[in-house]
Each structure stands twice: as structure tokens, then as C-alpha cells.
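Observations on the model geometry
Listed below, chain by chain, are the residues.
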Amino acid sequence: MLPQISFVIPLYNESEVLPQLVERLNKLIDSQPMPIEVVLIDDGSRDNTAELIQQLSLTDKRYHGVLLARNYGHQMALTAGLAVARGTEAIMVLDGDLQDPPELLPDFYAKYKEGYDVVYAVRKKRKEGFFKKMAYHVFYRILRSISYIDIPLDSGDFSLISRRVVDVLNKMPEESRYIRGMRTWIGFKQIGLEYERAGRAAGDSKYSIKKLFKLAYNGIFNFSEFPVKFITNMGVFSILMSLLYLVYTLIQKFFYHNVPQGFTTLIIAIVLFSGVQLISLGVIGEYVLRIFFQVKGRPLFIVRKEIVESEIVEQKS
Ligand code: UDP
Ligand code: MG
């Protein structure tokens, strides 16, 4: 029998947390009426996470292990998990360090039953350092203000995603993946549920500063045209400034006669041509953007419902 719900949990060097995670998952699964599977992805761990996953998957058929060939990073590990998850109704994505409590499944599932395709968790409180909290806070607000989709604030990958949305995700071949953005981009009815984000159950964060920045860049460059538009706007701005300056120096020259020879032309030429160059870069940028969006190979649109001959056809994917 196929599971109705799949958990998808990427793990990188999490052997310290894994026993606790499994204990809490088992307890939860036993309390639920529907069949549930747990997909554990080993993202090329250096400790014995992979061995633990293998043992577990061999002895307990609710567990499904996927061992990746090397460390590809959290987003790719998630992608791998979503690709193999068999849950017919929905897939629950969470971190392996118990910062995202699996016990929220019934609440999320209730929303799914109300007709939401994506139920994402919104962090009310974070038990993390001041600097990290600030950085997250600022980043999400910047991203939201410059993005062309309405990325919800303070929500990560922790979410329950319906089968048809996961099917679309699996069909989006883009290589640099920002899954919380892709999930938002797809559409359908989405809703946020607040929760308190716990501290890590054990071990240290597996997201290095480098990996965090990579994720942040993917968020900005994959879901915003702002950087390119910014170049063009800078160009327009410098041309306007140079024209203003032109007027000013012409007045100085003809009415007050106090401008040294050649100076005016020089400054105006520099500012004007910087502007022209910036605009040219922006124009090239516009073409690059279009190529960028084309090569992503995303589906152009996703149909929610189709009504043919007075009959409603719900789209599976
Ligand atoms: N993770 C992963 N591959 C990586 C880094 C992290 O699969 O290269 C997993 C990690 O094991 C955890 C989840 O991604 O289950 C979130 O990572 P972490 O808790 O370290 O990030 P933080 O909560 O500190 O942002
Ligand atoms: Mg964590």
C-alpha cells in the first residue's frame, strides 16, 4: 500500500540527532491513522549517518533511505528526497535537527484537508544567536521587497506540500535551487502557520556561512530582476546628473565667466559616458535575464482546474 504522507528529511553529519529524530517520528507515526513513510536522505555525511539510515531502512519498512554520492548541499538533498517520496496526498519537508517539530503534521494536514496545497511554517521565535537572527530578518525583508513573487516572510523549507505541487517541483529542472521560492512560484492556495522554532537538538549547524550565502544569492538572483534593473537605473541617474551639471556649468561659464577652460567638458563627458556604459550593461543584462529564465526550463504555467463541457477537471499536475 502506498503511503499517504511522506516525510522528507535531509541529513548531513546528523548521527547525534538521528536516534532522537527517529524516536519522535515513530511516536508520531503510531498516533496517526494514515500510512506514513519517512524518506531520509544522507547528503554525503562524513560520520556514520549513512550507515544508520541504511540499518533503519533495512529493518523498518516505513523508512526509505537515499544515500547521495557526495555532499550536494541541503537544497539538492531535498530535491532528491522529493523525487523519490511516494506520499499520495502530501509531503512534509523538515530539517533533521528537530528544529522543525514533526508533531505539527496533524495541524498542517488539517489545513491541507481544508484545501490548501502548501502549508508553510512561519517562525515566531528563533532560538539562535543575535547576529544570525538579525541577518535572517533583514534578508527575508530585502528579498521580499525586490522579488517578483510574494515570498512569505520568516519561512523556510519546513512545510507540507501537496502531491500535485511536488510533481511540479520535480518537473522544474533549474540547477540553482531555492525551493521555498520555487514552492511559492508554483501557486495554488498557500497558507502560513506560526510555530516556535526550537534550538538544535544536538550537534552544530551544518550550514556554513558559505552555504548560507550561496542560498541567499540563489534566492535573490533566481527570484528577482532587481540587480539588472538597478544597473540600468544607475545609468539613467548618472546621465540625468551629468545633464543637470551641464546646465549648471553653462550658466557659470556664460554668466559668471569663472570656469577654467576644458574642465566642464571633461566632467560632463566622464559622467555622461559612465551613464551610457551603465545603461549598455543594463541592456545586455536584460538579454542575459531573458536567456536565464529561458534556460531554467520551468513550466510556463500551471493549471489549477479546467472546465470542459460543463465538467470540472482538477489538475493533478
Ligand atoms: N543539511 C544537508 N546538507 C548540507 C547542510 C545541511 O542535508 O550540506 C541538512 C542538515 O542535516 C539539516 C538541514 O539540512 O537537517 C538544515 O541544516 P542546519 O540545521 O545545519 O541549518 P540551520 O538550521 O543551522 O540553518
Ligand atoms: Mg537547523
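In the block above lies the structure referred to throughout.
Predicted model, so just to flag it, every value in this text is computed and none were measured.

Our next topic: the site of ligand 1. In the vicinity of ligand 1 there are 20 residues, among which Asp43, Asp97, Gln99, Ser205 and Lys206 approach most closely. With respect to ligand 1, the backbone of His74 contributes an N or O atom lying 3.4 Å from a nitrogen atom. For ligand 1, an oxygen atom lies 2.8 Å from a polar atom in the backbone of Gly96. In the complex, 97% of the free accessible area of ligand 1, which totals 530 Å², lies under the protein chains. Among the secondary structure elements, those contributing two or more residues to the shell around ligand 1 are strand S1 (5-11) and helix H5 (130-146).

Attention now goes to the coordination of the magnesium ion (ligand 2). Listed as protein donors to the magnesium ion (ligand 2) are Asp97 (OD) and Gln99 (OE1); their distances from the metal cover 1.9 Å. Note on accessibility: Asp97 and Gln99 belong to one class, buried.

As a further point, take helix H4 (residues 105-113). Buried within H4 are the following residues: Leu105, Phe108, Tyr109, Lys111 and Tyr112. In an axial view of H4, the angular spread of the buried residues amounts to 155°, which keeps them on one side of the axis. Gly115 sits one or two positions beyond H4 and adopts a positive phi of about 115°.

Bringing the packing of aromatic side chains into the picture now. One pass over the full model with this rule turns up 13 aromatic pairs. Considering the side-chain rings of Phe213 and Tyr217, the 6.3 Å spacing of their centres and the 45° angle between planes classify their relative orientation as tilted. Placement of the pair is Phe213 and Tyr217 together in helix H8 (residues 209-222), with a separation of four residues, close to one helical turn. According to the relative accessible area criterion, Tyr217 is partly exposed, its value standing at 48%. Each ring, one from Tyr245 and one from Tyr248, has its centre 6.0 Å from the other, and the planes form 35°; the classification is tilted. Here the residue Tyr245 and the residue Tyr248 both occupy positions in helix H9 (residues 226-256), the gap between them amounting to three residues, near one helical turn. Accessibility expressed as a relative area gives 27% for Tyr245, which makes it partly exposed. Ring pairs connect the aromatic residues Tyr148, Tyr178, Phe223, Phe292 and Phe293, which therefore count as one cluster. A cation over a ring is seen here: Arg123 above Tyr136, with NZ or CZ 5.9 Å from the ring centre. Over the ring of Tyr116 we find Lys189; its NZ or CZ atom is 4.8 Å from the centre of that ring.

The rules behind each value
- Residues numbered from 1 in each chain as written.
- Chains lettered and ligands numbered in written order.
- Predicted model: local features only at pLDDT ≥ 70, side-chain atom pairs only at ≥ 80, totals over all residues.
- Heavy atoms only, no water.
- Near = heavy atom within 4 Å.
- Polar contact = N/O pair within 3.5 Å; in protein donor to acceptor, adjacent residues only side chain to side chain.
- Areas by Shrake-Rupley, 256 points an atom, 1.4 Å probe, with all protein chains shown as cover.
- Helix = DSSP H or I, 4+ residues; strand = E, 2+ residues; numbered from the N terminus.
- Donors = N, O, S within 2.8 Å, 3.2 Å for Na, K, Ca; no water.
- Buried < 20%, exposed > 50% of the residue type's maximum accessible area, 1.4 Å probe, protein only.
- Arc of directions from axis to C-beta.
- Phe/Tyr/Trp six-rings, centres within 6.5 Å; stacked < 30°, edge-to-face > 60°.
- Lys NZ or Arg CZ within 6 Å of the ring centre and 35° of its normal.

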